[in-house]
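# Residue-level structure breakdown
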Amino acid sequence: MATLKEKRGCGQRCEDFGRFVWNSDEGKFMGRTPEKWVYISLYYFAFYAVITGLFSLAIWTLMYTLDPYTPDYQDRLNSPGVMVWPNTYGEEIVEINYNTSDKASWMKMTNILNEFLEPYNDTKQLECNKYNCTKGKYFIQDTFSAPHHTKWACPFMQSMLGACSGFEDPTFGYNCSMPCVVIKMNRIINFLPTNNTDHVPYVNCTVLEGQNNVDKIEYFPECATMDLSYFPYYGKLAQPTYVNPLVAVRFRLVGEKQAKIQCRVVSKKISYENFYDPYEGKVVFQLKAVK
């Protein structure tokens, strides 16, 4: 019968481990002589130095080829999206529902618009964007002539929204049945909305459902256009003070005081029939006032 292997005690195991850490007979530390430890340390130092150098070179090459002012890939941004404020989203579309008899209800809409329009304050705009832009023409800038190596941006002031600016009526019409909404087109770097400067992009709103409940639609500025001087947009780094041009729309609700509305930015190069992107070139929202 085979002899059972002798069981080693705790003391013997500690002794073996100590001999492994330092073997005084052979002059080895953890199984290797000091000379071999020097060789293996130099090898791994050189190996990881080369790996780090190659990785750093790859990152440097990548960063060198990137333009900090323009994204390399914009293939999915052929046409800008359109948004509406107040941006109170429902399950599928924006639902702007409020109660004219409930101050908290319509003040919610007012506060959303006030917060959104804060960067458009007349004083702020005159301080940040002092350049006198030429209306009706694209503001093409080939050089960084603005302070701090940036490009100029045209001012868009809150007062340009007229009766929907919040100056004439601080409630934006939400304490009654004449609510204002603000339409904004998203930014795309170097995007020009039309090839012909005679055709300026403008906002057009149509009532999809509840046509009898909308008595009147008004636009501010009155022409409902987004002037060409705000295009092209050169990016946040190049134009840190840029603000989007806006168009405000005021609806006079009657009857049941609810309607489904589509607001579209009309221009040659802005599409709006993309089934997979319901916000491309247009925005659909529900407007309802109860009492």
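These figures come from a predicted structure and were not determined experimentally. (Residues numbered from 1 in each chain as written. Predicted model: local features only at pLDDT ≥ 70, side-chain atom pairs only at ≥ 80, totals over all residues. Heavy atoms only, no water.)

### A short note on the overall build of the protein
The number of helices and strands found in the protein is four helices and 10 strands. Taken against the 2.2 N^0.38 rule, which gives 19 Å for 291 residues, the C-alpha radius of gyration of the protein at 33 Å runs more than 25% over that of a compact globule. A principal-axis box enclosing the C-alpha atoms of the protein has dimensions of 105 × 55 × 40 Å. Across the 291 residues that make up the protein, the buried fraction comes to 37%. Within the protein, contacts between residues separated by at least 24 positions form 76% of all contacts whose residues are at least 6 apart in sequence. Taken as a whole, the protein presents about 18100 Å² of accessible surface, with 56% of it coming from carbon and sulfur. (Helix = DSSP H or I, 4+ residues; strand = E, 2+ residues; numbered from the N terminus. Rg over C-alpha atoms; globule rule 2.2 N^0.38 Å. Buried < 20%, exposed > 50% of the residue type's maximum accessible area, 1.4 Å probe, protein only. Contact = heavy atoms within 4.5 Å. Areas by Shrake-Rupley, 256 points an atom, 1.4 Å probe, with all protein chains shown as cover.)

### Here we look at the nonpolar core
With 62 residues, the main nonpolar core has Tyr-174, Val-181, Ile-183, Val-203, Phe-251 and Phe-285 as its most contacted residues. A total of six residues in this core trace back to one element, the largest contributor, which is strand S8 (residues 246-253). When near neighbours in sequence (up to four residues on either side) are disregarded, Tyr-174 contacts Pro-86, Ile-96, Tyr-98, Thr-100, Trp-106, Met-109, Thr-110, Leu-113, Pro-179, Cys-180 and Val-181. (Core = buried A, V, L, I, M, F, W, Y, C linked by side-chain atoms within 4.5 Å.)

### Here's the deal with the packing of aromatic side chains
What the rule picks out here adds up to 15 aromatic pairs. The interplanar angle of 80° and the centroid separation of 5.2 Å between the aromatic rings of Tyr-43 and Tyr-44 together place this pair among those described as edge-to-face. An aromatic cluster is defined as three or more aromatic residues linked by ring pairs; in this entry it consists of Trp-85, Phe-116, Tyr-120, Phe-156 and Tyr-230. If you follow Lys-151 out to its NZ or CZ, it ends over the ring of Phe-144, 4.9 Å from the centre. Directly above the aromatic system of Tyr-234 lies the positively charged group of Lys-151, at a separation of 3.8 Å from the ring centroid. (Phe/Tyr/Trp six-rings, centres within 6.5 Å; stacked < 30°, edge-to-face > 60°. Lys NZ or Arg CZ within 6 Å of the ring centre and 35° of its normal.)

### Regarding the environment of Gln-262
Mapped onto the secondary structure, Gln-262 falls in strand S9 (residues 258-266). For Gln-262, a relative accessible area of 16% corresponds to the buried category. Separated by 151 residues in sequence, Gln-262 and Asn-111 have C-alpha atoms that sit 23 Å apart. Ignoring sequence-local partners within four residues, the contact set of Gln-262 consists of Asn-204, Cys-205, Thr-206, Leu-208, Lys-282, Val-283 and Val-284.

### Remarks on the pairing of S8
Within S8, seven of the eight residues are buried, leaving the element largely enclosed by the surrounding structure. Pairing between strand S5 (residues 180-185) and S8: five bridges, direction antiparallel. Residue pairing in the sheet places Lys-184 in a bridge with Leu-246 of S8. Strand direction decides the pairing type here: strand S7 (residues 214-220) and S8, joined by six bridges, are antiparallel. Bridge pairing links Glu-218 to Arg-250 in S8. (Pairing = 2+ DSSP bridges.)

### Here's the deal with the pattern of salt bridges
In total, this model carries four salt bridges according to the counting rule given. Measuring nitrogen to oxygen at the nearest pair gives 3.8 Å for the salt bridge that ties Glu-218 to Lys-216. Close ionic contact of Glu-218 with Arg-250 constitutes a salt bridge, the shortest N to O distance being 3.0 Å. Taken as a pair, Glu-218 in strand S7 and Arg-250 in strand S8 lie far apart in primary sequence, 32 residues in all. For the pair formed by Glu-218 and Arg-250, the shared burial category is buried. The network of salt bridges with shared partners includes Lys-216, Glu-218 and Arg-250. (Salt bridge = Lys/Arg side-chain N within 4 Å of Asp/Glu carboxyl O.)

### Thoughts on a nonpolar patch on the surface
Where nonpolar side chains cluster on the molecular surface, the patch consists of Tyr-43, Tyr-44, Phe-47, Tyr-48, Val-50, Ile-51 and Leu-54 and spans about 730 Å² of accessible area. You can see Phe-47 is positioned in helix H2 (residues 34-65). Since its relative accessible area comes to 37%, Phe-47 is described here as partly exposed. (Patch = residues over 30% accessible without salt bridge, like charges linked within 9 Å, V, L, I, M, F, W, Y side chains within 5 Å.)

### Side note on the pairing of S5
With six of six residues buried, S5 lies mostly within the body of the structure. With four bridges joining them, strand S3 (residues 82-85) and S5 adopt antiparallel strand pairing. Bridged to Val-84 within S5 is Ile-183.

### A look at the sheet that holds S7
Ordered by their spatial adjacency, four strands build an open sheet running S3-S5-S8-S7, and the pairing between neighbours is antiparallel. One side of each edge strand has no neighbouring strand; the edge strands of this open sheet are S3 and S7. Pairwise comparison of adjacent strand axes, ignoring direction, gives a mean angle of 25° for this sheet. Together, S3, S5 and S8 form the strand contacts of helix H3 (residues 103-116), whose direction differs from that of S5 by roughly 35°. (Axes fitted to C-alpha atoms, helices over the stretch in contact; angles between N-to-C directions.)

Geometry only, nothing functional implied.
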